[in-house]
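What the coordinates show
The residues making up each chain are set out below.
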Amino acid sequence: MPFERLLTAPLPRLGIGLAAVGRPAYIDLGRAADLPAERSVEAMRDRAHAVLDAAYAVGIRYIDAARSYGRAEEFLASWLDAHPEATDVVVGSKWGYTYTADWRVDATVHEVKDHGTATYDRQIAESRALLGDRLDVYQIHSVTPDSPALTDRELHARLARLAADGVAVGLSTSGPLQAEAIRAALKATVDGRRLFSCVQATYNLLEPSAGPALAEAHEAGLTVIVKEAMANGRLATADRESPLAEVADLTGATPDAVALAAVLRRPWAGIVLSGAATTGQVTANARAASVALDAEQLARLTALAEPAPAYWRHRSRLPWS
């Protein structure tokens, strides 16, 4: 399994996601300050490469991309070409959303979702054309309980063939019913063998509802990848009276490092993604690996949790910028 290569990485449980730097617009907070005013393809490629350089320098070896992250796979491919020494990197990507914004920040629709076999056939070919045999992990993007990908036997047969070629097959989940989608995915089999070997889900101090299902996935042998551990930037800073600020003061760490460290404390969390858009954020996020949180501090942080429906309603209103 490709994830086994991470066991010898300097920071084996941290990864870097390219959602924020593969395209000019995303829903993370603070992008006006984080990114250059001119977000040309060349400028964003330079930023993506700088973030990847910083991630590799601090010891991160898992990289997460997606077909819908604009040119993220293209930027990653050119970075890999420029760094032939980075043979220890594990590369993951996702299919199921098509990028439609045409490199515009003000696009009406930025991505279109489809989990059918035709989209899979097209996008695996596109990913392979860019990443070749460096593609280690391929996941269905943003599965919800009503996704046909959970029951489409023809699609499952295709994914099983991909797994037989040595690519770890997984899914990512989104929405207030993540736990339901994860548990349904655990039941998917082909020829009596479990189809999915990894699951990527949103889990953070504000939205921990998927935790029990992710623990079940881990117990079943899946590698659990956590995305949006910073809640799209909502946990990057903290009000002075917030439990996050209190724990940050107690540990001498920054709020972002505490938020990531709290997720790293979950025994089922195999990889926790940083969504950094700057090299400084990469360095700050990486410090989470050395933040020691005790039981009392973790208990304080649970007060930040929101009801899942409220969290996802808030997320759905975040503007693309």
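Considering the nonpolar core
Within soluble globular proteins, side chains that are nonpolar generally end up buried alongside one another. L76 and F196 are the most contacted members of the largest nonpolar core, which has 103 residues in total. Setting aside residues no more than four positions away along its own chain, L76 makes contact with L18, L52, I63, A65, V91 and L131. Within the second largest apolar cluster, 10 residues are counted, among which are F3, V90, V137 and I225.

What to know about helix α10 (residues 279-286)
For an α-helix the count is 3.6 residues per turn, leaving residues at separations of three or four pointing the same way. Buried residues of α10: V282, A284, N285 and A286, and no others. The elements touched by buried residues of α10 are β1 (14-17), α2 (41-58), α9 (255-264) and β12 (271-274).

Side note on the pattern of salt bridges
According to the stated counting rule, one finds 18 salt bridges in the structure shown. The partner of R315 in a salt bridge is E228, and the shortest N-O contact between them spans 2.6 Å. Highlighted residues: R315 in helix α12 (residues 308-316) and E228 in the loop between β11 (223-227) and α8 (243-251), separated in sequence by 87 residues. As far as burial versus exposure is concerned, R315 and E228 are alike and both buried. Measuring nitrogen to oxygen at the nearest pair gives 2.7 Å for the salt bridge that ties D249 to R240.

Considerations on the packing of aromatic side chains
By convention here, two paired aromatic rings are described through the distance between centres and the angle between planes. The tally for this structure, following the rule as stated, stands at eight aromatic pairs. Judged by centre distance (5.8 Å) and plane angle (75°), the ring pair of Y26 and W320 falls under edge-to-face. Pair noted here: Y26 is in the loop between β1 and α1 (31-34) and W320 is in the segment after α12, with a separation of 294 residues, a long-range link. On the basis of relative accessible area, W320 is assigned to the partly exposed category, the value being 29%. Ring geometry for W95 and Y120: centres 5.2 Å apart, planes at 70°, overall edge-to-face. Placement of the pair is W95 in strand β3 (residues 90-95) and Y120 in helix α4 (residues 117-131), with a sequence separation of 25 residues.

The rules behind these values
- Residues numbered from 1 in each chain as written.
- Predicted model: local features only at pLDDT ≥ 70, side-chain atom pairs only at ≥ 80, totals over all residues.
- Heavy atoms only, no water.
- Core = buried A, V, L, I, M, F, W, Y, C linked by side-chain atoms within 4.5 Å.
- Buried < 20%, exposed > 50% of the residue type's maximum accessible area, 1.4 Å probe, protein only.
- Contact = heavy atoms within 4.5 Å.
- Helix = DSSP H or I, 4+ residues; strand = E, 2+ residues; numbered from the N terminus.
- Salt bridge = Lys/Arg side-chain N within 4 Å of Asp/Glu carboxyl O.
- Phe/Tyr/Trp six-rings, centres within 6.5 Å; stacked < 30°, edge-to-face > 60°.

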